[in-house]
Amino acid sequence: MAYTSLQVRSSHQNFIEDSYLLLDAIEALYSTPTSHIPVLALEIGTGSGIISAFVKGILKGNTFVLGIDIHLKAIEASHHCALLNRCQINLVNADALTCGFRQASLFDLIVCNPPYVPTTEEELLDAVGLEKSWAGGPTSGTNSMISYLLSQGVLESMLSPIGGTFLLLVESANRPMDLIARFLNCHSPEHWCIDVHFRAYL
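Everything numeric in this text was worked out from a predicted model, so none of it was measured.

Each value, and the rule that gives it
Residues numbered from 1 in each chain as written. Predicted model: local features only at pLDDT ≥ 70, side-chain atom pairs only at ≥ 80, totals over all residues. Heavy atoms only, no water. Pairing = 2+ DSSP bridges. Helix = DSSP H or I, 4+ residues; strand = E, 2+ residues; numbered from the N terminus. Axes fitted to C-alpha atoms, helices over the stretch in contact; angles between N-to-C directions. Salt bridge = Lys/Arg side-chain N within 4 Å of Asp/Glu carboxyl O. Buried < 20%, exposed > 50% of the residue type's maximum accessible area, 1.4 Å probe, protein only.

Draft legend 1. Examining the sheet that holds strand β1 (residues 40–44) more closely. Read from one edge to the other, the open sheet built from five strands follows the order β3-β2-β1-β4-β7, with strand pairing classed as parallel. Across the chains shown, the open sheet's two edge strands, defined by having one partner strand only, are β3 (90–93) and β7 (159–167). Between one strand axis and the next, the sheet turns through 20° on average, direction left out of account. Alignment of β1 against strand β4 (residues 107–112), held across four bridges, turns out to be parallel. Residue pairing in the sheet places Leu42 in a bridge with Ile110 of β4.

Draft legend 2. Structural context of the pattern of salt bridges. Applying the stated criterion across every chain yields a total of one salt bridge. Measuring nitrogen to oxygen at the nearest pair gives 3.9 Å for the salt bridge that ties Glu76 to Lys73. Linking Glu76 with Lys73, this pair stays in helix α3 (residues 72–84), spanning three residues, or about one helical turn. Using a relative accessible area of 56% as the deciding quantity, one classes Lys73 as exposed.

Draft legend 3. Representation of the environment of Arg86 in the model. Its location among the elements puts Arg86 in the loop between α3 and β3. On a C-alpha basis, the gap between Arg86 and Lys56 in space is 10.0 Å, while along the polypeptide they are 30 residues apart.

What follows is the structure, given as structure tokens:
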């Protein structure tokens, strides 16, 4: 892991490998001088707050970082993470599927490490609180966060004209190449530049 430019601390030291994959991808993009610096960034599902803190740290004071999570404990952990890293993260305790960010067209950056633990459709629909923060539903389901974000018009309506998205998918649970193909089938491919990063878990 190369984090020579920024080290992020968290009281939740068990954040797992997928968080590091997102950190690597974000750092790779925004460490280049020619990168467009987002004015408004959104993390959907803040969890420990480590991703939002990293985004704020690497982009300094130029970016307003907004984090949303359905689980109050995650909001509290994210707040504590921001304090540890002496950075400002603006936090909202709400369900990203229903909170009204759709049609905003405001965000220059959206980051999401979505719930991807496979569950049945019934388990997903019945999930509340902490369960809803990890229940991913069936791979081909239509009610999960992943399906919502990749459905037609959602990202376009949330992103600014120059906006971009980091979305983490797990090959064993989400079949990312199938999801990308489905995404391109219902969007205009010429409007999207998709960069896929694979990492094997050892």
